Amino acid sequence: MDIQEYISLVFEDYTLRTITLGTAILGAICGMLGSFAVLRKQSLLGDAISHAALPGIAIAFLIMGAKDNNTLLIGALISGLIGTFWIRGITKNTHLKSDTALGLTLSLFFGFGMLLLTFIQKQPNASQAGLDKYLFGQAATLLEKDVWLMAIVAGVCLVILLLFWKEFKILLFDADYTKTLGFNTTFIDILITTFIVITIVLGLQTVGVVLMSAMLLAPAAAARQWTNSLGIMVILAAIFGAFSGVVGTGISASQSNLPTGPVIVLVAASIVLFSFIFSPNRGLLFREIRFRKNRNNIKMQKTLAFMYGIAKNHENISHPHMINILNGFQGFSKKSLQELVDLNYVKIKGKKWSMTQQGFETAANLYDQQIRNTHE
């Protein structure tokens, strides 16, 4: 199935349209809120909350005795919130650090959830449970009402972000300064964390407990590579998340037996990898280019300074010298010599070099600057 066929199917097929819209909205809202988790260095928070939601799903099923998505998601929400406040309680009332609290909560709740799932599988009504789908998600179960719920949550989240933008921004970069300005940091912290919990719970049906944290963090991590502005980062993360959802759904739909959730996460991971390599300011490729360029500049300046030391001992600075006297100098290379020629600092004639007036003056300035730096 090519792109044109896929686009036409999105408009014609109810199931594909519902899944595409749902994953796009989920990706966008995950990107927006994930930006705050990444900048607050709470990357494990999404993982801990998604795993903490599993016991709530199982307990909701045991209470109701039937699989009702809304009831299960309410159970996941309550369990996720308990896990979140558990983490806050541990970090606030003990000497344990947040990463320890996150790891403890993740392991404890997930272990309890798996215990309950095993118990449910042995019950008479286990055949209708299908709760294991929440581990890795099943986007095909998305209904139109689920998409509307995601859209409403995304809209409310966007309004809250706009209303409390200044408070969120100050809290991100200096919590103590936020307190001195009179803002209620506890309320702001709980507000953003609650929306993260709600988003994770909404994504469990599509992406699953195990992969939900990647959906939350990957778009934000990719966006962070491209900008230093919080506003642009949130917008980019939302775009990356929505793009991952749409493309992942398209790839999954084009091939049989390809689960949608893992494919969406892999697309998001590809964007992260691309950003890590090709982003202009933080990308590995451009960092290597800058490193090589700086190294060549240093070599060129060292070679020029060495030539200056030779040329200044002659009355005529343009007196020619043999190139082979540079061979023993550590900073010399054919490339650095050619760059000096290109800059008109040096002239080459046969196997001899000579300094130009421009090269001599530039080298003298560099030499004086090095002397000043040494005395400072």
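Here the structure is a predicted model, which means the values were calculated and not measured.

Thresholds, definitions, all that
Residues numbered from 1 in each chain as written. Predicted model: local features only at pLDDT ≥ 70, side-chain atom pairs only at ≥ 80, totals over all residues. Heavy atoms only, no water. Helix = DSSP H or I, 4+ residues; strand = E, 2+ residues; numbered from the N terminus. Rg over C-alpha atoms; globule rule 2.2 N^0.38 Å. Buried < 20%, exposed > 50% of the residue type's maximum accessible area, 1.4 Å probe, protein only. Pairing = 2+ DSSP bridges. Axes fitted to C-alpha atoms, helices over the stretch in contact; angles between N-to-C directions. Parallel < 35°, antiparallel > 145°, perpendicular 65-115°, else oblique. Contact = heavy atoms within 4.5 Å. Nonpolar A, V, L, I, M, F, W, Y, C, P; charged D, E, K, R; others polar. Domains from an automatic or database assignment. Disulfide = S-S within 2.5 Å. Core = buried A, V, L, I, M, F, W, Y, C linked by side-chain atoms within 4.5 Å. Salt bridge = Lys/Arg side-chain N within 4 Å of Asp/Glu carboxyl O. Polar contact = N/O pair within 3.5 Å; in protein donor to acceptor, adjacent residues only side chain to side chain.

Enquirer: Break down the overall build of the protein chain for me, with residues and values.
Expert: Helix and strand content of the protein chain: 16 helices and three strands. For a compact globule of 376 residues, the expected C-alpha radius of gyration is about 21 Å, and the protein chain comes in at 30 Å, more than 25% above that figure. With the principal axes as the frame, the protein chain shows a C-alpha extent of 100 × 55 × 40 Å. Going through the 376 residues of the protein chain one by one, you find that 44% of them count as buried.

Enquirer: Give me the lowdown on the pairing of strand 2 (residues 346–349), citing residues and values where you can.
Expert: Two faces make up the sheet, and in a regular strand the side chains alternate between them. Across four bridges, the pairing between strand 2 and strand 3 (residues 352–355) is antiparallel. Note on strand 3: the bridge partner recorded for Lys-349 is Lys-352. The antiparallel hairpin formed by strand 2 and strand 3 contains two residues in its connecting segment, where Gly-350 sits at a positive phi of about 65°.

Enquirer: I'd like a description of the packing of helix 13 (residues 260–278) against helix 14 (residues 284–311), backed by residues and values.
Expert: The N-to-C vectors of helix 13 and helix 14 enclose an angle of 10°; their axes lie 4 Å apart at closest approach. As far as their axial angle goes, helix 14 and helix 13 are roughly parallel. Residues Phe-276, Ile-277 and Phe-278 of helix 13 touch helix 14, and the partners they reach there are Leu-284, Leu-285 and Phe-286. Of the residues assigned to the contact of helix 13 with helix 14, the class counts are six nonpolar, no polar and no charged.

Enquirer: Residues and numbers for the domain arrangement of the protein chain, please.
Expert: Domains assigned within the protein chain are domain 1 (3–282) and domain 2 (286–375). In this structure, domain 1 and domain 2 have C-alpha centres spaced 57 Å apart.

Enquirer: Give a description of the state of the cysteines that names residues and reports values.
Expert: Cysteine pairs can be linked by a disulfide, which is a covalent bond between their two sulfur atoms. Taken as a whole and judged by the stated rule, the model has zero disulfides. As a non-bridged cysteine, Cys-157 has Cys-30 as the owner of its nearest cysteine sulfur, 10.0 Å distant. For Cys-157, a relative accessible area of 2% translates into the label buried.

Enquirer: Give a description of the pairing of strand 3 that names residues and reports values.
Expert: As judged from the two bridges shared by strand 1 (residues 321–322) and strand 3, these two strands associate in the antiparallel manner. Considered in strand 3, the bridge of Met-322 is made with Lys-352.

Enquirer: How would you explain the nonpolar core if you had to name every residue and give the values?
Expert: One finds Ile-29, Phe-36, Leu-131, Phe-168, Ile-196, Leu-204 and Met-212 to be the most contacted residues of the largest nonpolar core, which totals 74 residues. Among the elements that take part in this core, helix 10 (residues 185–204) stands out by supplying 10 residues, more than any other. Excluding its chain neighbours within four sequence positions, the residues that come into contact with Ile-196 are Leu-33, Ala-37, Leu-45, Ile-49 and Leu-216. The next biggest cluster of nonpolar side chains, apart from the first, holds 18 residues, and it includes Ile-317, Leu-337, Leu-340 and Leu-366.

Enquirer: Describe in detail the environment of Phe-276, supporting the description with residues and values.
Expert: Topologically, Phe-276 is positioned in helix 13. Discounting chain neighbours no more than four positions away, the residues touching Phe-276 are Ala-221, Gln-225, Arg-282, Gly-283 and Leu-284.

Enquirer: Go over unusual backbone geometry with me, naming the residues and quoting the values.
Expert: Look at Asn-344: it is not a glycine, yet its phi comes out positive at around 65°. One can find Asn-344 in the loop between helix 15 (334–342) and strand 2.

Enquirer: Lay out the pattern of salt bridges in plain terms, naming residues and giving numbers.
Expert: Under the criterion given, the structure shown has three salt bridges. Close ionic contact of Arg-40 with Asp-189 constitutes a salt bridge, the shortest N to O distance being 2.2 Å. Placement of Arg-40 in the loop between helix 2 (14–39) and helix 3 (43–64) and of Asp-189 in helix 10 is noted, with a sequence separation of 149 residues between them. Overall, Arg-40 belongs to the partly exposed group, its relative accessible area being 22%. Classification of Asp-189 by relative accessible area gives buried; the value is 13%. Arg-292 serves as the salt-bridge partner of Glu-288, at 3.0 Å between the closest nitrogen and oxygen.

Enquirer: Help me get a handle on the side chain of Ser-79, residues and values and all.
Expert: Secondary-structure assignment places Ser-79 in helix 4 (residues 69–93). Contact partners of Ser-79, with chain neighbours within four places excluded, come to Ala-52, Ala-53, Pro-55, Gly-56 and Phe-109.

Enquirer: Tell me what's going on with the side chain of Ser-275, and back it up with residues and numbers.
Expert: You can see Ser-275 is positioned in helix 13. Within the structure, Ser-275 has its side chain in polar contact with the backbone oxygen of Ile-271 (distance 2.8 Å). Once residues within four sequence positions are removed from consideration, Ser-275 is found in contact with Ala-222, Gln-225, Trp-226 and Gly-283.

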